[in-house]
Amino acid sequence: MSYDAQFRVWRGDDEGGDLVDYTVEVNEGEVVLDIIHRLQATQAGDLAVRWNCKAGKCGSCSAEINGRPRLMCMTRMSTFAENETITVTPLRAFPVMKDLVTDVSFNYKKAQQVPAFAPPPGLEPGEYRLAQIDVERPQEFRKCIECFLCQDVCHVVRDHEENKESFSGPRFLMRIAELDMHPLDALDRQHTAQEEHGLGMCNITKCCTEVCPEHIKITDNALIPLKERVVDRKYDPVVWLGNKIRRRPS
Amino acid sequence: MSEIEKHNYDVLVVGAGGAGLRAAIAARQAGLRVAVISKSLFGKAHTVMAEGGIAASMGNVNPRDNWQVHFRDTMRGGKFLNNWRMAELHAKEAPLRVWELETYGALFDRTKDGKISQRNFGGHEYPRLAHVGDRTGLELIRTLQQKIVSLQQDDARAINHEGADEGKMKVFAECTITELLKDDSGRISGAFGYYRETGGLVLFRAPAVILATGGIGKSFKVTSNSWEYTGDGHALALRTGSALLNMEFVQFHPTGMVWPPSVKGILVTESVRGDGGVLRNSEGKRFMFDYVPPVFRGQYAETEEEGDRWYEDPDNNKRPPELLPRDEVARAINSEVKAGRGSPHGGVFLDIASRRPADEILRRLPSMYHQFKELADVDITAEPMEVGPTCHYVMGGVEVDPDTAAATGVPGLFAAGEVAGGMHGSNRLGGNSLSDLLVFGRRAGDGAAAYVATLKGIYPAVTEGQLREAERTALTPFDVATSPEAENPYALHAELQQTMNDLVGIIRKEEEMREAIEKLESLKERTPRAGVEGGRRFNPGWHLALDLRNMLVVSLTVAKAALLRQESRGGHTRDDFPKMEPEWRAKNLICTTDGDEVIVVEQPMIPMREDLLELFDRDELAKYLTDAELPQEVQSS
Amino acid sequence: MQAGVSAPGRATIAERTLRTDRWWQAPLLTSVLLSIWVLYALVRTVSQRAYFAAPEHYLSPFTSPCVTASCPPAARDFGTWFGHFPPFIPLALITLPFLLGFRLTCYYYRRAYYRAFWQSPPACGVAEPHSKYTGETRFPLILQNLHRYFFLAAGVISLVNTWDVVQAFRPEGHTFGFGLGTLIMLVNVVLLWMYTVSCHSCRHIVGGRLRNFSRHPLRYKAWTVVSKLNAKHMQLAWVTLLTLMLTDAYIALVSSGAISDPRFYN
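Residues numbered from 1 in each chain as written. Chains lettered and ligands numbered in written order. Predicted model: local features only at pLDDT ≥ 70, side-chain atom pairs only at ≥ 80, totals over all residues. Heavy atoms only, no water.

So, on to the state of the cysteines. Residues and elements named next belong to chain C. Applying the stated criterion to the full structure yields two disulfides over all chains. Here C66 engages in a disulfide with C71; their sulfurs sit 2.2 Å apart. Between C66 and C71, the S-S torsion sits near -85°, and that sign places the bridge as left-handed. Given a relative accessible area of 1%, C66 falls into the buried group. (Disulfide = S-S within 2.5 Å. Buried < 20%, exposed > 50% of the residue type's maximum accessible area, 1.4 Å probe, protein only.)

The next point concerns the interface of chain C and chain A. Opposite the 58 residues of chain C that make contact, chain A presents 64 residues. Of all residues in chain C, the largest losses of buried area upon contact with chain A belong to R10, Y133 and R211 of chain C, amounting jointly to 16% of the total for that side. Where chain C packs against chain A, one counts nine salt bridges. A salt bridge links E210 of chain A to R111 of chain C; its shortest N-O distance comes to 3.7 Å. At the junction of chain C and chain A, the tally comes to 42 residue pairs in polar contact (both at pLDDT 80 or more). Considered class by class, the residues forming the side of chain C that touches chain A number 21 nonpolar, 21 polar and 16 charged. (Contact = heavy atoms within 4.5 Å. Buried area = accessible area lost by both parts, 1.4 Å probe. Salt bridge = Lys/Arg side-chain N within 4 Å of Asp/Glu carboxyl O. Polar contact = N/O pair within 3.5 Å; in protein donor to acceptor, adjacent residues only side chain to side chain. Nonpolar A, V, L, I, M, F, W, Y, C, P; charged D, E, K, R; others polar.)

On to the sheet that holds strand β10 (residues 201-205) of chain B, then. Residues and elements named next belong to chain B. One open sheet holds the four strands; their spatial order is β1-β10-β9-β8, and the pairing between them is mixed. Since the sheet does not close on itself, it has two edges, and those belong to β1 (4-8) and β8 (175-182), each with one partner. The mean inter-strand angle of the sheet, taken between neighbouring strand axes irrespective of direction, is 25°. The sheet contact formed by strand β9 (residues 188-195) and β10 spans five bridges and is antiparallel. Following the sheet pairing, Y194 is matched in β10 by L201. Packing against the sheet, helix α5 (residues 232-240) makes contact with β8 and β9, and its axis sits at approximately 20° to β8. (Pairing = 2+ DSSP bridges. Helix = DSSP H or I, 4+ residues; strand = E, 2+ residues; numbered from the N terminus. Axes fitted to C-alpha atoms, helices over the stretch in contact; angles between N-to-C directions.)

Once that is clear, we can look at the sheet that holds strand β15 (residues 348-351) of chain B. Residues and elements named next belong to chain B. Taken in spatial order, the four strands make up an open sheet running β13-β16-β15-β14, and their pairing is antiparallel. At either margin of the open sheet sits one strand with a lone partner, and together these are β13 (250-257) and β14 (278-280). Each strand of the sheet is rotated relative to its neighbour by a mean of 45°, with strand direction disregarded. As paired elements, β14 and β15 share three bridges and run antiparallel to each other. Pairing of R280 across the sheet is with F349, part of β15. The strands touched by helix α8 (residues 326-338) within the sheet are β13, β14, β15 and β16 (385-394), with β13 carrying the most contacts at an inclination of about 60°.

With 61 residues of chain A at the contact, the number on the chain B side is 64 residues. Here chain A and chain B share an interface that buries about 5200 Å² over both sides, 53% of which is from carbon and sulfur atoms. It is K57, Q112 and R142 of chain A in chain A that bury the most area against chain B; as a group they hold 15% of the surface buried on that side. Along the contact surface separating chain A from chain B lie six salt bridges. Among the ionic pairs, E174 of chain B bridges to R50 of chain A, the shortest N-O distance being 2.6 Å. At the boundary of chain A with chain B, the tally comes to 45 residue pairs in polar contact (both at pLDDT 80 or more). Within the residue set of the side of chain A that touches chain B, elements represented by two or more residues are α1 (32-42), β6 (96-98), α2 (105-113), α3 (132-142) and α6 (170-181) of chain A. The element contributing the most residues to the side of chain A that touches chain B is α3 of chain A, with five residues.

On to the nonpolar core. Core analysis: the largest hydrophobic core is formed by 270 residues, its most contacted members being F7, I36 and M72 of chain A together with F204 and L211 of chain B. Sort the elements by how many residues they give to this core and helix α15 (residues 540-564) of chain B lands first, with 15 residues. If we skip the residues at most four places from it in the chain, M72 of chain A touches V31, V32, L33, I36, V49, C61, A63, I65, V88 and L100 of chain A. (Core = buried A, V, L, I, M, F, W, Y, C linked by side-chain atoms within 4.5 Å.)

Residue and element names in this part refer to chain B. The final tally for this structure, using the stated rule, is 32 aromatic pairs over all chains. Plain terms: the ring middles of F80 and Y624 are 4.3 Å apart, the flat faces sit at 25° to each other, and that makes the pair stacked. Here Y624 lies in helix α18 (residues 618-624) and F80 lies in the loop between α2 (67-77) and α3 (84-104), a separation of 544 residues in the sequence. Here F80 matches Y624 in class, with each residue buried. The aromatic ring of Y311 is capped on one face by R356, whose charged end is 5.0 Å from the ring centroid. If you follow R428 out to its NZ or CZ, it ends over the ring of Y393, 4.0 Å from the centre. (Phe/Tyr/Trp six-rings, centres within 6.5 Å; stacked < 30°, edge-to-face > 60°. Lys NZ or Arg CZ within 6 Å of the ring centre and 35° of its normal.)

All names here are of chain C. When pLDDT is averaged along chain C, the result is 94; 99% of the residues meet or exceed 70. Considering each helix and strand of chain C separately, the mean pLDDT is smallest for helix α2 (residues 96-104), with a value of 93, and largest for helix α7 (residues 217-230), with 98. Interface scoring of the predicted complex returns ipTM 0.94; its pTM is 0.94. (pLDDT = per-residue confidence, 0-100.)

All names here are of chain B. Counting through the fold element by element, E471 comes out in helix α12 (residues 464-479). For E471, a relative accessible area of 6% puts it in the buried group. In terms of polar contacts, E471 uses its side chain to reach the side chain of R468, at 2.6 Å.

Residues and elements named next belong to chain B. Inspection of the secondary structure assignment puts P95 in helix α3. Once the C-alpha coordinates of P95 and P357 are considered, the two residues, 262 residues apart in sequence, prove to be 32 Å apart. Apart from the residues lying within four places of it in its own chain, the contact partners of P95 are A56, S57 and M58.

So, about the pairing of β9 of chain B. Residues and elements named next belong to chain B. Counting buried positions along β9 gives eight out of eight residues, so the element sits mostly inside the fold. With seven bridges joining them, β8 and β9 adopt antiparallel strand pairing. Counted as the bridge partner of C175 is Y195 from β9. Connecting β8 to the next strand, β9, in antiparallel fashion are five residues, including G186 with a positive phi near 90°. From the end of β9 to the start of β10, which pair antiparallel, there are five residues, and G199 there has a positive phi angle of about 80°.

Structure below.
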């Protein structure tokens, strides 16, 4: 059941590089990461690639396969024709370090800018009581494995380096939505979502949802609801007036 | 000689999984400056692979649960070889550590009255595992990661800055520690390593080092462990002069994927069985009923009907034998396959499709569903899975003081999590790992802080000579690359894995282990010749060549200890000594190194405190302890 | 694109995308279909012909409600609010801005036309042709935030359309009766309601804005229903475009006498 596949892998570093052709054996049931590992072990011992769990749980082996951001460990070789040339490149939205490894520190900086969960005052550990229906919404977002494929595919930063300053990207806007939907979080996050994290830059073209390996409905369940919440606070005079007249507990 | 980056900290935590991060939080909260070394990116640690949950006797689902019951289950699971003080601390503190996570922002699944929901798991008498679907490890790591950021934000606020400040706590991602350094008096003075990304060398001066590097699974071919699990902490401890405990005990998780080949070994969570899944052989028989060992007889259901009733009414029925401790289930599967009753790809069938409705499976086991759908093209709501044993966890590890996590023999060295030994005895219960990380991670952080306080600001020094020595060792693989005798590190690794898998695997024999030791010794000769092409920037061949050194010494401790222990217990099964021997229970095997040589010696166990012994009845104790060890008054009765 | 995928530091790859599939198909199809629809709607509303079939009482959704003196008296179910419109002002002026506004600010259509017309981005992982991008942070796109008002207006218009269907069950000279046109209008209005209710703003208003569902069980139930529909918002958006066009075209054919409406009862 094995055959020889044609691979084109980007080799290089921040000073330049190119797509390099390889012919490499493929066996039944293998995924793209297996093939990259075979290249490492047999033809290119110094081929740099990030990976950990090889089961789609850690989000390390993000790359672009035939131009689409994907996890290499979750891309089965059987989805390609045997005569198809498979192109593997590093994520194209981040600076490259070497071969398939990119510098994803942008994401860690953005993570540090989202204020942490603010526990409600006066509630001791062990006293938290939460309804399952209330935790389910934020739980969906906590499935995120931080593969940063959504950050990579989002055209706001992918196509516009200059926006990296003012836009946190789908992953961290979703984190804000998660905290804003946490039943016990005590901080206001709606203003900062728009003012500091660039929610308004998102034009909901849904590529983040398309590439999410965890199948999180980032756009429909996090970004749009967050936009609507921001509208409540910033653009909706009726809600504004209502809030002025009576403070709602909700 | 190249430029070496230098940092000064109070505490250096090696490893950024659950134990490392919890230790870092504790040390930072004690006011110390903390560096966390992460071999991969921050938040990718192997902890994310834990699926089932965190064991803690909160009693939310069954109010009869308490720390004593949890302690008892842990000791039984470990076949009484556990360090009982660790098991006691663990059982007592686990609930606090879980509740604490909620204040960091964790969102566990809930009971109807809004408390943290708890699920059944192998070896636990009551539903005990706090969980989030089947991705509890991810929740744990993300929560701790976000708590670290939260503390960095507090630090920024304290100096009136926006965002996060890394001055007092910093995570060094994609960085590997190759050596620990000591001063003349034998105290820890720092650690030396390299950045994987750039190949740059780095020195951390710190009087306290907490090892939280996880396990050793990458020495085996079929394993649920990732590349990071190369036994770095175990090897660092040995090279620094500390000792490893009971390295012969390696847990083979009963249910790993067996097909397709490229994912062989990837874990199938025990929750599948906790939630109703059953094991069948090729004849369709639920074979686990034939494998209940004498020590557990009477505690498990004897008919399928009773086992099935247990899911609904656990108080009046006994649990099905599919939920026996992992070592028992793994051995049973092994026997069925050997007897020719295995599945087409050499495993057995794990069936939940015929036992639970599809929507319930999807809700309770979403990531298992995706894992099988996407990796094996199997729909677990419609067809059974094929599973078989996979190397999962090492019970053995650095010998530590239970209360402070201080490692034996080296002042300033601490260890927590999988790299530490003792807590789980000869076999770990599912769910006890995540709680172990939290309980002893925090204790290690506090222990290190207390130790640093005794130094009163005068820290042991690192000498230039030590630095040069560490640098030379780290760069050797580049120097030998041009030699005609250079070896391919990938090939050496494959040989090592095959040796361990075949000869020191789930069932062990004396002659095979002797053969393994011989092979390992020859690999030890060849490993220094592992050469690499290319430069230092993110060069996986170089990384592997350095990791190999660790895997080899750790594999040797496993093989040598396994050869010495002439009994079968938990994660150590001897074909030639199939019985569990009370005499051996009273002994720990201690591994140290002298230069390159691995030395294993027996060491008597400290007898269990009386009030803990009283938690068990005499009949049960008599199955494990020698007559001399049984408590006086019980003995006479 | 200098600042994008070929920004300094990123992997040097000349191609705008390495995608090998036909990624341009979806945006192309979207732009063709939307253009056809807009063209059709433009022709129909400007021509102001054959929008009402009096005997069957079929009123085209494009022209409903008909409340000017220019409308045939039988079509003025809601009275006469305005005098005669000059011929260059379409009767649809009263509702069309709201309907268009609802669809134009709809979260699904935004995605569709940003991708298809503005190419921002044309497809995932395909570099967009613009050198600057500010998203929805400035005028006029900041007005997208007013979607909820258009949603409310669309709700009112859906009520009107529902009344039109009720009227279509009351053909001239009978208290009850219906033909194929009635059923077409009924299907159209049901789908219009589903599209309207499945709107993201609606989902937010009925319950999405709450932090604690458990304290508002009824709104939670409403939210779960809307959420289910919301997952089909895209499909509903396209289907209703089609049914709107079909309904109008059918009424036009009946009204102009090109075909006669098959009657099932009276």
